[in-house]
2 protein chains.
Amino acid sequence: MMDDRIQLWNDIAAQIGVDSIRCTTEAGSGHPTSSLSCAHLLSVLVTSHLRFDVEDPKSLANDRLVLSKGHAAPALYATLKAIGAISDEQLLSLRRFGSPIQGHPAPVPEMPWIDVATGSLGQGLAVGLGMALAMRLDGTGGRVFVLMGDSEIAEGSVWEAMEAAAFHEVDDLVTIVDMNRLGQRGPTMHGWNGDLFARRAQAYGWRTIEIDGHDVAAIDTAYAEAIVADGPAMIVARTEKGHGVSFAADQDGWHGKAMSQEQASQAIEELGGIRSLTVTPPSPPDIKPLVLGELRAEPAPVYTEPIATRKAFGEALAWLAGHRPDLVVLDGEVGNSTHTDDFAAVAPERFLEMYIAEQVVVGAQTGLQALGKTAFAATFGAFLTRAYDQVRMGAISRADLRLCGSHAGVSIGEDGPSQMAVEDLAMFRALHGSTVLYPADGTATVQLVSAMCDLPGISYIRTTREATPALYETGESFPIGGSKTLRTGDDDVVTLVGAGVTVRESLAAADALAPDGISARVIDAYSVKPIDADALRRALEQTGLIVVVEDHRVEGGLGDAVLDALAEGGPLTGRVIKLAVRDMPGSGTPDEMRAWAGIDARSVEATVREALH
Amino acid sequence: MMDDRIQLWNDIAAQIGVDSIRCTTEAGSGHPTSSLSCAHLLSVLVTSHLRFDVEDPKSLANDRLVLSKGHAAPALYATLKAIGAISDEQLLSLRRFGSPIQGHPAPVPEMPWIDVATGSLGQGLAVGLGMALAMRLDGTGGRVFVLMGDSEIAEGSVWEAMEAAAFHEVDDLVTIVDMNRLGQRGPTMHGWNGDLFARRAQAYGWRTIEIDGHDVAAIDTAYAEAIVADGPAMIVARTEKGHGVSFAADQDGWHGKAMSQEQASQAIEELGGIRSLTVTPPSPPDIKPLVLGELRAEPAPVYTEPIATRKAFGEALAWLAGHRPDLVVLDGEVGNSTHTDDFAAVAPERFLEMYIAEQVVVGAQTGLQALGKTAFAATFGAFLTRAYDQVRMGAISRADLRLCGSHAGVSIGEDGPSQMAVEDLAMFRALHGSTVLYPADGTATVQLVSAMCDLPGISYIRTTREATPALYETGESFPIGGSKTLRTGDDDVVTLVGAGVTVRESLAAADALAPDGISARVIDAYSVKPIDADALRRALEQTGLIVVVEDHRVEGGLGDAVLDALAEGGPLTGRVIKLAVRDMPGSGTPDEMRAWAGIDARSVEATVREALH
C-alpha cells in the first residue's frame, strides 16, 4: 500500500518533470530545471494533501497553493495537467501569444486554478498569509501551501510575512522552501544550509521541518506534520535544480534555459518517458455557510462642518462595517493617522494590524481578496511607495485592492518631505485598470469609499491630513469618472481644475478674480482616473484656458491626466497651465507649503491674471 | 574619572532630552518622547565613540551616524547642538518654514552633519551598510552607527540589510535598537523582549549585546564591544519612551505629540533644567589618501552591429571601470541579465552582489554615494518598483543614485507581465530632480551611461532585452535634455516620437509611409526627462501632428512627457496621439507583443494614415 503510494508520487513527480521539460523546449524558453527541483514537492502535495476540487477551483472550501517561485510555472502547469485541470495540448501552448499558459503564473479567466500572479519573488508568503486569515475569518478550516525558492528568501518581504504570520498565529499556513542552492547567477548565499533557514524561521516563531525534497515519503510525512494546527510551519526541502537529469542536475548555468530537442529527449528518457497520469486531489471538507451575524444599517455619516478627508475615510469604513460583512481592513501601524482605527473600534475581528510593514499589508490584502474579502488597506500615501511592486503584481493578479493613502501632498506641513505623498498619483495612475480618487470633502469621501467596495482592480483614494470645508450636500452622488463643476457662467474665461485640497484653493482664487470681472469655472476632478474628459474638453473649448492645480509632483498626476484626456479628444486648441510641486519641499505650515509650491489660492489667482494679461 | 564621565554622559543626555522638548514645544509638533528614549544612547555615542570632526563633517575619515528612526529628529538636532554644530537658536527653528531643521532629518546644504534623509522607517541600516562598504573599499577604518527604533524592525528592508551585512562581513557596522516598546498606535509587537530581537540578529550572523539603554556606563561598554572588528553588531537597548519625564515615561498616547508649555516646563525641571554644554567628539584617525592603482584608458565600446542596450550598459560600465576608480556597481542577483557581470569581470572588488533584495541594493547605494562613490545599481526595471520608497528617500537625501532598469516594456516577450517594466518611466519621472534616459542603440547607451557618472540626483536608464540596430556613429554626442531627429524634410506632415525600442518601429513606419508621399519626421527622445521641449514644440508647429510611441503604460511615460513639454510652451495648436500599452499583457514574442500593444511599425503607420485621412 505504502509502496503503491510511493510509486504514484514518484510517477507523478516524473511526469511533472517531463512535462516541464516538454513545454519549455516546445516554447524555446522557460525554467525547466527550477521546475524539476520542486516536482516531488508538488506531486505529493496535490496527490495527498491539497484538498482541492478541480471542478470548482474558486470554492472557499478548497485548500490553496501559491507558487511564490513563479518562474517554476512549467511545474505548476504540469501539475494542473496531472490533476486534470488542463490538457496536454494546453500545456504545450506555454508562452505562446494568447495562451493563458503564460511565462509566469497569472490568474487569467481561463486559469481559475491560479489565484494570484507570481514572478516577482518574495511575494507569495504574504499572499498565503492573507488567504489563511480569510479562511480563519470564514471558519473554513482550509490550509494554504506556499512554495518558495531559496533565492527569494533574501527578499525582506518574506520576513515581513514570517513576522505577521507568527504574530497572527495562523495555524493553517505551510511554506515549503525548495532549497536547490542555485540562483539565477550561481550559488545562493547559503547553499544547502537548511539549518540556517530553519533557525531563522524558528527565531520568528515558526515550526520547521527539514527534509530531502526528492524523498516522497519524507515529503508526505512533513506535510502531515506541518498541517497540525500549531502555528505556521516551514518545510525546508533540500533539492537539486534539474533533479533527475544527468547533465543538468545540480549544475550551474541552467537557470531560465530551455533544453534543446536532443537534450530534452535524453532528459525525458532518463525520467522514464512521457506519462499521462491523472490524480484526483483529496476532497475539500464541507464548509458551513458563512454566518453573517446581525447587520447594522445606520445612515451614512453626514458632514456639514470641515473635516479631514482621512477622518471621513475612517468613519466611512466604520459605517460600511455594518453593511458589508465581507469588509476587512489592514493597517500598517498608522491606524490613528489614517483613521482606520474607527473601523477597528466597531469590527475589531476584521481589522488586521500588520505593523510597520507595507509589503505584507498589500500582499496579505491580495490573499484576502482572492478568497472573497473586500479588503481595504491604508497607510500614509508616501509609504505606499514601499509596496509598489506588490500593488503592481496585484494588478497582474486581477486583484481588487482598495488602497488609501493619507497625508497627501505638501499640505501635511511640518513633518517634511519624507512623510509627504507627492508621487502617489503618478504611481497609481500608471497601473493597468486602476481607479484614482481624490475627494475634496467628507461627503465626497464617504461616497467614494462606498463606491470602492464594488470597484474591480486597483482603486486608490487619496486623503488629506487637515480639515477641509464641507462642499457637498449629503446625498450628492460622485460617479467614478465624473467631476463636479462648482462654479460656472456663460462668460467663463478660465477653468480651474483642482482635486482634494486644491479645490478649496481654486474656489478662493475664483472668488478673488470675480470682482475684476474675471469669471472662472471651477471643476472638482475628484476622479483622477478615469477622468471626466468630456467636462475638460468642453472647458477648454469654452474658456480657452485651463489651470490645473494639484498638491503632487508636476509629473504623472492630475495635470498629466488632464492633458492626456484633452489630447485623446483630437486636435488641441487652447492653453493648459499646470500648477504643481516642482521643487523639493521642507517643513512649514500647510499654508506656507502650498504658497511655496505655488498651488494656493493666491498663486492660482496670479497665474490666471498673468495668463489673461 | 569614571564618575566624571558618567556625569558628563548623563548631563549631555539630559540636555538632549530637554532640548528635544524645548524645540518641539516651540514648534507645536514633533516627537519629544521618541527623542527621550534615545538621549543616553546618543550622548555616549558622540561624547566617547563617534570619531567625528564637526568642522569637517564630510571628511571620509569621520565615523558616521544614521538616525534610522528619523522621527527622533529633535534628539539628533539636540545632539548637533551638543557637539557645537548648530546653535540653540537654530535648534529652536525646528519645523519652521525655510529652516534646515526639518521635521525629519534631511541633508539640506545647511546641514552638512546629516548625510541622508530618514523618516521612512526601516531604511537606515541599508544606508549604513553602504557606508561601511565604502569605508572598507577606501580602507579608512571608519565605523558606522545606525540608530533604529523597535517598531521599524517589522520592515523587511531591515532584514535585507541584516542579511547583506553579514554576507559581506562588514566589521564596522553597529546598529542600536532603541527598544522603547511603544509604537505610533500603542505597544509594539514584541514589547521589551530584547532576547527575541537578539536571537533573530544572531540567526542572521550578527553579534548582539543587550543593555539598559539609559545606563550610560553599560552603553559605553556596549559600544566598545560592538566596534571590535568581528562582524556587524546589534545593541538591543531597553529604553523608555519619554524617559525621565514622570507623566510621559513609558506612557502610551505620547507618540508624535509636543508637550504644552506647562508640560514642557515641568519636564525640563524634572530633567534638571536647560543646559548649554558642548562636547567635542573623539577625533577621527588620519586616513591614507586613496591609492587609485593603475587606470586603464581604453577607448569606449564601438557598436556597428545590433546589440541589446542592456549588454551595451554592462560593457559601458566595464569600460568606465578603468577610468573611474570611484565607480561601484550593485546587483540584485540578475547581473547576467542586466550585464553588470561585465563590470564584475573587470572590477570584482567594486561589484557588490546584494542578491534578490532590491531594497538593500538601493539603500546601500545611497550609503555608498554619501561617502563619495559613484554608485550604479541595476535590476529588471519591473523590480525597481520594489525599491521605490528607497529611491524616493534617495531624492530627499539629495543622493546621486544611478539606476538601470533592464527588460523594459512588453518587448521582453515570453516571460510575461510580471517581468515587464511598463510603469518605470512614470515612477522615475515623478521624482524631484530626476533624469530619465532611454537609449535606442548601443552607442547611445555608452554615451548616456558615461554622462550618468556625473549627473546629480536620481538618474535612470532603461534598457532593452533584445538587440536593436546600430543607429548612431561612434562619437555622436547625446546631451541630457537633447533628442535626435533621425528623419526630417520640408514637407513633414507628421512627427513620430519614439525612445528605445520604438525608435526602430518609428523609422520603419516612416519608411512605409514615404512611398505614398507621407513625409514623417522621426525623433529619438532618448532623454525622457528632461525632454527636448524645443524640438517637440517645433515639430508640432511644423507638422501639426505628433504620434508618440512608447513601450510603457499610457500614463506617466514618454507620451505624458511630450504633452507636458508642449503645454509648458504656451497655447497648444495641433494634435498629439499617444501609442502605448493600454491593456494587460501576456506572453508572446517581442514582435507579437508590440503588435498587440499597438506600438509596432504597422500600428504607427496605420495610426498616421488614419489621422491624416
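Scroll up a little and you will see the structure.
First, a word on scope: everything that follows refers to the structure included in this document. (Residues numbered from 1 in each chain as written. Chains lettered and ligands numbered in written order. Predicted model: local features only at pLDDT ≥ 70, side-chain atom pairs only at ≥ 80, totals over all residues. Heavy atoms only, no water.)

The next point concerns the sheet that holds strand β8 (residues 351–353) of chain B. All names here are of chain B. Spatial ordering of the open sheet is given by β8-β7-β9-β10-β12-β11-β17, a layout of seven strands whose pairing is mixed. The open sheet has two edge strands, β8 and β17 (527–529), and neither has a second partner. Across this sheet, the average inter-strand angle for adjacent strands is 20 degrees, counted without regard to direction. Where helix α17 (residues 442–452) meets the sheet, it contacts β9 (374–380), β10 (401–406), β11 (435–437) and β12 (458–462), and its direction lies at approximately 165 degrees from that of β12. (Pairing = 2+ DSSP bridges. Helix = DSSP H or I, 4+ residues; strand = E, 2+ residues; numbered from the N terminus. Axes fitted to C-alpha atoms, helices over the stretch in contact; angles between N-to-C directions. Contact = heavy atoms within 4.5 Å.)

Residue and element names in this part refer to chain B. For helix α6 (residues 124–138), built from 15 residues, the straight-helix expectation of 21 Å at 1.5 Å per residue is met to within 8% by its first-to-last C-alpha distance of 21 Å. In terms of burial, α6 is largely enclosed, as 13 of its 15 residues are buried. Just beyond α6, the residue with positive phi is G139, at close to 65 degrees. (Expected span 1.5 Å × (residues − 1). Buried < 20%, exposed > 50% of the residue type's maximum accessible area, 1.4 Å probe, protein only.)

Once that is clear, we can look at the pattern of salt bridges. Pairs can form between side chains of opposite charge once their charged atoms are near each other. One pass over the full model with this rule turns up 88 salt bridges over all chains. In this structure, E555 of chain B engages R553 of chain B in a salt bridge whose closest nitrogen and oxygen atoms are separated by 3.1 Å. In this structure, E555 of chain B and R553 of chain B share a single accessibility class: buried. For R609 of chain B, the salt bridge goes to E605 of chain B, with nearest N and O atoms at 3.1 Å. With a gap of four residues between them, R609 of chain B and E605 of chain B both fall in helix α22 (residues 601–612), about one helical turn apart. Given the relative accessible area of 31%, R609 of chain B is considered partly exposed. Among the residues examined, E605 of chain B registers a relative accessible area of 19% and is labelled buried. If you follow the salt bridges from partner to partner, you end up with E466, R504, E505, D591 and R594 of chain A in one network. (Salt bridge = Lys/Arg side-chain N within 4 Å of Asp/Glu carboxyl O.)

With that out of the way, let us pick up the packing of helix α7 (residues 156–167) of chain A against helix α14 (residues 358–370) of chain A. Residue and element names in this part refer to chain A. Close contact between α7 and α14 brings their axes to 8 Å; oriented N to C, the two are set at 75 degrees. Comparing their axes, α14 and α7 come out roughly perpendicular. Seen from α7, the contacting residues are G156, S157, E160, A161 and A164; seen from α14, they are E358, Q359 and V360. Looking at the contact of α7 with α14, its residues break down into three nonpolar, three polar and two charged. (Parallel < 35°, antiparallel > 145°, perpendicular 65-115°, else oblique. Nonpolar A, V, L, I, M, F, W, Y, C, P; charged D, E, K, R; others polar.)

All names here are of chain A. Going through the model one piece at a time under the given rule, you end up with 21 aromatic pairs over all chains. Here the aromatic rings of F478 and Y526 are separated by 5.2 Å at their centres, their planes lie at 80 degrees, and the arrangement is edge-to-face. In this pair, F478 is assigned in the loop between β13 (467–468) and β14 (484–487) and Y526 in the loop between β16 (520–524) and β17 (527–529), connecting sequence segments 48 residues apart. This pair shows no difference in class: F478 is buried, exactly as Y526 is. (Phe/Tyr/Trp six-rings, centres within 6.5 Å; stacked < 30°, edge-to-face > 60°.)

Time to look at the interface of chain A and chain B. Counting residues at the interface gives 103 residues for chain A, matched by 103 residues for chain B. In this assembly, chain A and chain B are joined by 22 salt bridges. The partner of R185 of chain B in a salt bridge is D341 of chain A, and the shortest N-O contact between them spans 2.9 Å. Here chain A is connected to chain B by 64 residue pairs in polar contact (both at pLDDT 80 or more). In terms of residue count, the dominant contributor to the side of chain A that touches chain B is helix α15 (residues 388–396) of chain A (seven residues). (Polar contact = N/O pair within 3.5 Å; in protein donor to acceptor, adjacent residues only side chain to side chain.)

What follows deals with the sheet that holds strand β8 (residues 351–353) of chain A. Residues and elements named next belong to chain A. Across the sheet, which stays open at both edges, the seven strands sit in the order β8-β7-β9-β10-β12-β11-β17 with mixed pairing between neighbours. The open sheet has two edge strands, β8 and β17, and neither has a second partner. Strand-to-strand twist of the sheet, defined as the mean angle between neighbouring strand axes without regard to direction, takes the value 20 degrees. In this sheet, strand β10 (residues 401–406) lies alongside strand β9 (residues 374–380) in parallel orientation, the contact comprising five bridges. In the sheet register, A378 faces β10, and the bridge partner there is C404.

The next point concerns unusual backbone geometry. Residues and elements named next belong to chain A. The omega torsion of the bond from K529 to P530 falls at -5 degrees, within 30 degrees of zero and hence cis. Relative to the helices and strands, P530 resides in the loop between β17 and α19 (533–543). Despite not being glycine, Y355 shows a phi value in the positive range, around 60 degrees. Within the element layout of this structure, Y355 appears in the loop between β8 and α14. With a relative accessible area of 12%, Y355 lands in the buried category.

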